[in-house]
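Take a look at the letters that make up each chain.
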Amino acid sequence: MAQPTRLGGNALLAFILGLPILAGLAGTILPAFGYLPALGGFRVTLAHFAELAAQPHILRSVLTGLAAGLLTTVAATAVVGTFVAGFAGTPTFARIQHLVSPLLAVPHAAAAFALAFLVAPSGFLLRLISPEVTGFTRPPDWLLPNDPFALTMIAGLIAKEVPFLFLVTLAALPQLAVTRASRLAAALGYGRVAGFAVCLWPALYRQIRLPVFAVLVYSVSVVDVAMILGPKLPPTLPVRVTQWAGDDDLGARFLASAGAFLQLGVVVAAMAIWIALERIGKAVLARLTFSGRRFARDGAVRAAGALAMTTCTVTIFAGLSLLSIWSVAGLWPFPDALPGSLTPNTWMRILPQLWAPLGTTVALALSASSLALVFTILLLYRNGIAGGRKDAGGYRLLYLPLLVPEISFIFGLQVLMLSAGLTPGFASVLAVHFVFVLPYVLLSLSAPWREVDPRFEKIAAGFGKPALEILFAVRLPLLFRACLTALAVGFAVSVSLYLPTLLIGSGRLTTITTEAVALSSGGDRRVIGIYAFVQGLLPFLAFLVASLGPQLLFRNRRAMRT
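Residues numbered from 1 in each chain as written. Predicted model: local features only at pLDDT ≥ 70, side-chain atom pairs only at ≥ 80, totals over all residues. Heavy atoms only, no water.

Things to note about the overall build of the protein
Line of reasoning, step 1. Of regular secondary structure, the protein possesses 24 helices and two strands.
Line of reasoning, step 2. Principal-axis analysis of the C-alpha atoms gives the protein an extent of 65 × 60 × 55 Å.
Line of reasoning, step 3. Counting every position in the protein, which comprises 562 residues, the buried fraction comes to 51%.
Line of reasoning, step 4. Restricting to contacts in the protein with at least 6 residues of sequence separation, those with at least 24 account for 81%.
Line of reasoning, step 5. For the protein, the separation between the mean place of its 40 positive charges and that of its 20 negative charges on side chains is 14 Å. (Helix = DSSP H or I, 4+ residues; strand = E, 2+ residues; numbered from the N terminus. Buried < 20%, exposed > 50% of the residue type's maximum accessible area, 1.4 Å probe, protein only. Contact = heavy atoms within 4.5 Å. Lys, Arg positive; Asp, Glu negative; His and termini not counted. Charge placed at Lys NZ, Arg CZ, Asp CG, Glu CD.)

In structure tokens form, the structure reads like this:
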């Protein structure tokens, strides 16, 4: 009976995650070819692709986004792989693990603002060394951020994606014999990095391959980070599609659909290039293995990996600290390293405008994460994942919303909603948030669910307890911390969603994230600092509740607090 139950649960998962994506893709592809009856498009045509090709610098927009996504994925994978290879099982590994883990809760937009406030011509880094070192008494005329080669955007994406890949890698490491393989490689004379690459990296990469592809797809098609840190003349293709989608001229919907379809092709091309890079890497690793070289002296490589991980962590934390300072800063002229005074005036002025988007953000995040948690528990219960049994093959569908570019199906969903006469509102935005939140919640809870000792439930069953009572009285209390953590992860994901909220809500539903990104083109750092600080604070509070909840509820039961 277990197998049909698992198949039923996975079919339900495929339906919930796949239907909106397929519908959204259809809503993008049909208008791209001219078919959109609601706007008078009744015949198939390639005219809109011709119009897209005639847009100024469209090729540069495409290539910039493609190159940025590939470089981000290569760099993030290399940083995580090098650090794990050089330090897995050491005290340094444990220390940096605790530092990097909180960065997963930081929304992409908040991390982008944090980096922008550090590297801007009037940013904190240049203030620290001016005018003593640089001689600058006024900000230099440097195009940072928003440089034409998207280097700042790539740096911001790397700093944010490294923690994600690192935590995914941490989840995969227990499935490998790291200690025994490291000792064997050391006995054969290999350095830590080379030994890990030869013995463990192929198996580890197979475990994290789908998350790596998710990073690639997100980096190639990112909108909010590109609007904050990316080039402006021209912007990347996803940003241009978003601009066309928001145009007052409804005819621009056809152009936006053509651009979204092109973005889907760019993502497919990026995946094809990545697969080619995988094969090249496999060949290089095989050549290294059969060459007999041991690379015993790898101290510089290990130090570089540790430095890169630390830099990502320090950059984001320093930038977030700077955001909080800017939000209460008084007069702060360049090149002063610190403001001359601190004042709550900006907060007092912005608070009345802040409550509405803050309430919407919290309501959306709590609703989406709670629904996702309930559905996850029901799905895991139906699939009967207990006692260490695995069904990873069926759960690859989890990554479906992450492997399709947002702009390519979210825009299609918006077109379908408008064509059907549906009014954008809280319910429609919540439904789309749920699609994105569910994979993260299910991924967060499935591993702890499998690790629960089944003997507890067997004892309860021996006392004649029904299955549902065992679920609520035995399994869920044991998983209380894991459930709160999964809820916090879903909350953080929902808070960070920009494009789904903007397009599905048609601008009528404002959140902290949409307001923060909209303010990115302005010049008031104090206001931007407030919105970005609040955006980063919300996930932190969610994880704080997840950490303190078991401590308070089970304060008299030590084992239940861990």
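Comments concerning the pattern of salt bridges
Line of reasoning, step 1. A full pass over the atoms with the stated rule returns three salt bridges.
Line of reasoning, step 2. For Glu-469, the salt bridge identified is with Lys-465, shortest N-O distance 3.6 Å.
Line of reasoning, step 3. A relative accessible area of 36% means that Glu-469 is categorised as partly exposed. (Salt bridge = Lys/Arg side-chain N within 4 Å of Asp/Glu carboxyl O.)

A word on unusual backbone geometry
Line of reasoning, step 1. Of note, the amide linkage connecting Ser-130 to Pro-131 takes the cis form, showing an omega dihedral of 0 degrees.
Line of reasoning, step 2. That bond from Phe-334 to Pro-335 is cis: its omega, 10 degrees, falls within 30 degrees of zero.
Line of reasoning, step 3. Turning to its location among the elements, Pro-335 is positioned in the loop between helix H14 (299-327) and helix H15 (345-383).
Line of reasoning, step 4. Positive phi is not limited to glycine here, since His-57 has a value of about 60 degrees.
Line of reasoning, step 5. With respect to the helices and strands, the residue His-57 is situated in the loop between helix H2 (47-53) and helix H3 (58-87).
Line of reasoning, step 6. Unlike most non-glycine residues, Asn-146 shows phi in positive territory, near 65 degrees.

Points about the packing of H3 against helix H13 (residues 252-291)
Line of reasoning, step 1. Remark: H3 packs on H13, axes separated minimally by 10 Å, with the N-to-C direction vectors making an angle of 40 degrees. Pair H3 / H13 crosses with right-handed handedness. Where H3 abuts H13, its residues Val-62, Leu-66, Leu-70, Thr-73, Val-74 and Thr-77 lie against Leu-262, Val-266, Ala-270, Ile-273, Trp-274 and Leu-277.
Line of reasoning, step 2. Residue composition of the contact of H3 with H13, by class: 10 nonpolar, two polar and no charged. (Axes fitted to C-alpha atoms, helices over the stretch in contact; angles between N-to-C directions. Left-handed = near helix turned anticlockwise from the far one by under 90°. Nonpolar A, V, L, I, M, F, W, Y, C, P; charged D, E, K, R; others polar.)

Here's the deal with the packing of aromatic side chains
Line of reasoning, step 1. Under the criterion given, the structure shown has 12 aromatic pairs.
Line of reasoning, step 2. A connected cluster of aromatic rings, assembled from ring pairs, spans Phe-33, Phe-49 and Phe-261.
Line of reasoning, step 3. Stacked on the ring of Tyr-190, the Lys or Arg Arg-294 has its end atom at 4.7 Å from the ring centre.
Line of reasoning, step 4. Against the face of Phe-117 rests Arg-525, its NZ or CZ located 5.5 Å from the ring centre. (Phe/Tyr/Trp six-rings, centres within 6.5 Å; stacked < 30°, edge-to-face > 60°. Lys NZ or Arg CZ within 6 Å of the ring centre and 35° of its normal.)

Details of the side chain of His-108
Line of reasoning, step 1. When you line up the elements, His-108 lands in helix H5 (residues 108-119).
Line of reasoning, step 2. When sequence neighbours within four positions are dropped, the list of residues in contact with His-108 reads Lys-160, Glu-161, Tyr-218, Asp-224, Val-225 and Ser-496.

A look at helix H18 (residues 426-451)
Line of reasoning, step 1. End to end, H18 covers 37 Å across 26 residues, agreeing with the expected 38 Å (1.5 Å per residue, within 8%).
Line of reasoning, step 2. Along H18, the sharpest kink reaches roughly 35 degrees, centred on Val-437 and followed within four residues by the proline Pro-439. (Expected span 1.5 Å × (residues − 1). Bend = angle between axes of the 7 residues up to and from the residue.)

A word on the environment of Phe-295
Line of reasoning, step 1. Position of Phe-295 relative to the elements: it lies in the loop between H13 and H14.
Line of reasoning, step 2. Linking Phe-295 and Tyr-190, residues 105 residues apart in sequence, is a C-alpha distance of 6.1 Å.
Line of reasoning, step 3. For Phe-295, the contacting residues outside a window of four places in its chain are Gly-191, Ala-194 and Leu-288.

Here's the deal with a nonpolar patch on the surface
Line of reasoning, step 1. Together, Leu-537, Phe-540, Leu-541, Leu-544, Leu-548 and Leu-552 make up an exposed nonpolar region whose accessible area comes to about 520 Å².
Line of reasoning, step 2. Residue placement: Leu-548 occurs in helix H24 (residues 525-553). (Patch = residues over 30% accessible without salt bridge, like charges linked within 9 Å, V, L, I, M, F, W, Y side chains within 5 Å. Areas by Shrake-Rupley, 256 points an atom, 1.4 Å probe, with all protein chains shown as cover.)

Focus on the side chain of Thr-360
Line of reasoning, step 1. By the element assignment, Thr-360 lies in helix H15.
Line of reasoning, step 2. Apart from the residues lying within four places of it in its own chain, the contact partners of Thr-360 are Phe-426, Leu-509, Thr-510 and Thr-511.

Here we look at the environment of Ala-155
Line of reasoning, step 1. Structurally, Ala-155 can be placed in helix H7 (residues 151-172).
Line of reasoning, step 2. Once the C-alpha coordinates of Ala-155 and Leu-71 are considered, the two residues, 84 residues apart in sequence, prove to be 9.7 Å apart.

Here's the deal with the packing of H5 against H14
Line of reasoning, step 1. Their axes nearest at 8 Å, the elements H5 and H14 cross at an angle of 80 degrees. As the angle between them shows, H5 and H14 are arranged roughly perpendicular. Judged by residue contacts, Ala-110, Ala-111, Phe-113, Ala-114, Leu-115, Phe-117 and Leu-118 of H5 engage Thr-315, Ile-316, Ala-318, Gly-319, Leu-320, Leu-322, Leu-323 and Trp-326 from H14. (Parallel < 35°, antiparallel > 145°, perpendicular 65-115°, else oblique.)

Notes on the environment of Val-162
Line of reasoning, step 1. With respect to the helices, strands and loops of the structure, Val-162 is situated in helix H7.
Line of reasoning, step 2. In this structure Val-162 comes out as buried when scored by relative accessible area, which is 1%.
Line of reasoning, step 3. Put simply, Val-162 and Gly-319 are 157 residues apart on the chain and 16 Å apart in space, counted from C-alpha to C-alpha.
Line of reasoning, step 4. Setting aside chain neighbours within four positions, we find Val-162 in contact with Ala-76, Val-79, Val-80, Met-309 and Cys-312.

Description of the confidence of the model for the protein
Line of reasoning, step 1. The share of residues in the protein with pLDDT of 70 or more is 93%, and the mean pLDDT across the chain is 85.
Line of reasoning, step 2. By mean pLDDT, helix H1 (residues 2-32) is the weakest element of the protein at 72, and H3 is the strongest at 94.
Line of reasoning, step 3. Note that pLDDT drops below 50 for residues 385-393; the model gives that stretch 20 contacts with residues more than four away or on any other chain. (pLDDT = per-residue confidence, 0-100.)

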